[in-house]
Amino acid sequence: MVARSLVSVVDDDESVRESLPDLLREFGFSARAFSSAEEFLASKYLGRTKCLILDIAMPGMSGPALQRELKLRRLDIPIVFITAHRDKNVCVDLLESGAVECLLKPFSDTALLGALNAAFRAK
């Protein structure tokens, strides 16, 4: 694990934006939360983010659309997708597009930490 590395959370669910940053800080990361992909893209944290925890389905720009935008901008930020949708094909497609992991909500702290460790090993 890379201590104090910034992990950004992009999710339209307020409860996720409130709880995940606290957990990430317990893991030793720095954390920021954003309510939309557009908010994240416009933030000063875009270039500082070392890993992205990204919801798949959001109003406006979706998680997969943000993944494509980051590739267009040549920003190589490891992505851990999170979703409440149980369509395994979506996760397979995202992993084939370069995501590190795709976790189904609710996921365990252990599963998230494993995904983050994989993301930082992949970098």
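Structure: above.
In this report, the structure presented in the accompanying data block is examined. Everything numeric here is computed off the predicted structure, so don't read it as measured data.

Conventions we followed
- Residues numbered from 1 in each chain as written.
- Predicted model: local features only at pLDDT ≥ 70, side-chain atom pairs only at ≥ 80, totals over all residues.
- Heavy atoms only, no water.
- Patch = residues over 30% accessible without salt bridge, like charges linked within 9 Å, V, L, I, M, F, W, Y side chains within 5 Å.
- Areas by Shrake-Rupley, 256 points an atom, 1.4 Å probe, with all protein chains shown as cover.
- Salt bridge = Lys/Arg side-chain N within 4 Å of Asp/Glu carboxyl O.
- Lys, Arg positive; Asp, Glu negative; His and termini not counted.
- Charge placed at Lys NZ, Arg CZ, Asp CG, Glu CD.
- Helix = DSSP H or I, 4+ residues; strand = E, 2+ residues; numbered from the N terminus.
- Buried < 20%, exposed > 50% of the residue type's maximum accessible area, 1.4 Å probe, protein only.
- Pairing = 2+ DSSP bridges.
- Axes fitted to C-alpha atoms, helices over the stretch in contact; angles between N-to-C directions.
- Contact = heavy atoms within 4.5 Å.
- Right-handed = clockwise from strand over helix to strand, strands pointing away.
- Phe/Tyr/Trp six-rings, centres within 6.5 Å; stacked < 30°, edge-to-face > 60°.
- Expected span 1.5 Å × (residues − 1).
- Arc of directions from axis to C-beta.

### Observations regarding a negative patch on the surface
Residues Asp12, Asp13, Glu14 and Glu18 make up a contiguous surface patch of negative charge. Counting through the fold element by element, aspartate 12 comes out in the loop between strand 1 (6–10) and helix 1 (14–26). Taking the relative accessible area as the measure of exposure, aspartate 12 reaches 35% and is therefore partly exposed.

### As for the sheet that holds strand 4 (residues 79–83)
Strand order in this open sheet of 5 strands is 2-1-3-4-5, and the pairing throughout is parallel. Each of the sheet's edge strands pairs with one partner strand only, and the pair in question is strand 2 (30–34) and strand 5 (101–104). Here the average twist between neighbouring strands, direction ignored, is 20 degrees. Sheet topology places strand 1 next to strand 2; 5 bridges connect them, and they run parallel. Bridging from a neighbouring strand, serine 8 pairs with arginine 32 of strand 2. Contacting strand 4 and strand 5, helix 4 (residues 88–96) crosses the sheet at an angle of about 160 degrees to strand 5. Across the sheet, helix 5 (residues 109–122) touches strand 1, strand 3 (51–55), strand 4 and strand 5, and the angle it forms with strand 3 is around 130 degrees.

### A few points about the pairing of strand 5
Looking at chain direction, strand 4 and strand 5 are connected through 4 bridges and run parallel. Directly across from threonine 83, in strand 5, lies its bridge partner leucine 104. As for the winding sense of the linkage, the β-α-β connection from strand 4 through helix 4 to strand 5 is right-handed.

### Let's talk about the packing of aromatic side chains
The final tally for this structure, using the stated rule, is 3 aromatic pairs. Seen from their ring centres, phenylalanine 34 and phenylalanine 40 are 5.3 Å apart, and the 65 degrees between their planes marks the pair as edge-to-face. Given a relative accessible area of 0%, phenylalanine 40 falls into the buried group. Among the aromatic residues, those joined into a cluster by ring pairs are Phe34, Phe40 and Tyr45.

### Some remarks on helix 5
A rise of 1.5 Å per residue sets the reference length of helix 5, with its 14 residues, at 20 Å; its end C-alpha atoms lie 20 Å apart and thus fit the reference within 8%. All of the buried residues along helix 5 are Leu112, Ala115, Leu116, Ala119 and Phe120. Projected onto a plane normal to the axis of helix 5, the buried residues spread over an arc of 135 degrees and lie on a single side. Opposite the packed face of helix 5, turned more than 90 degrees from it, sit the exposed residues Thr110, Arg121 and Ala122.

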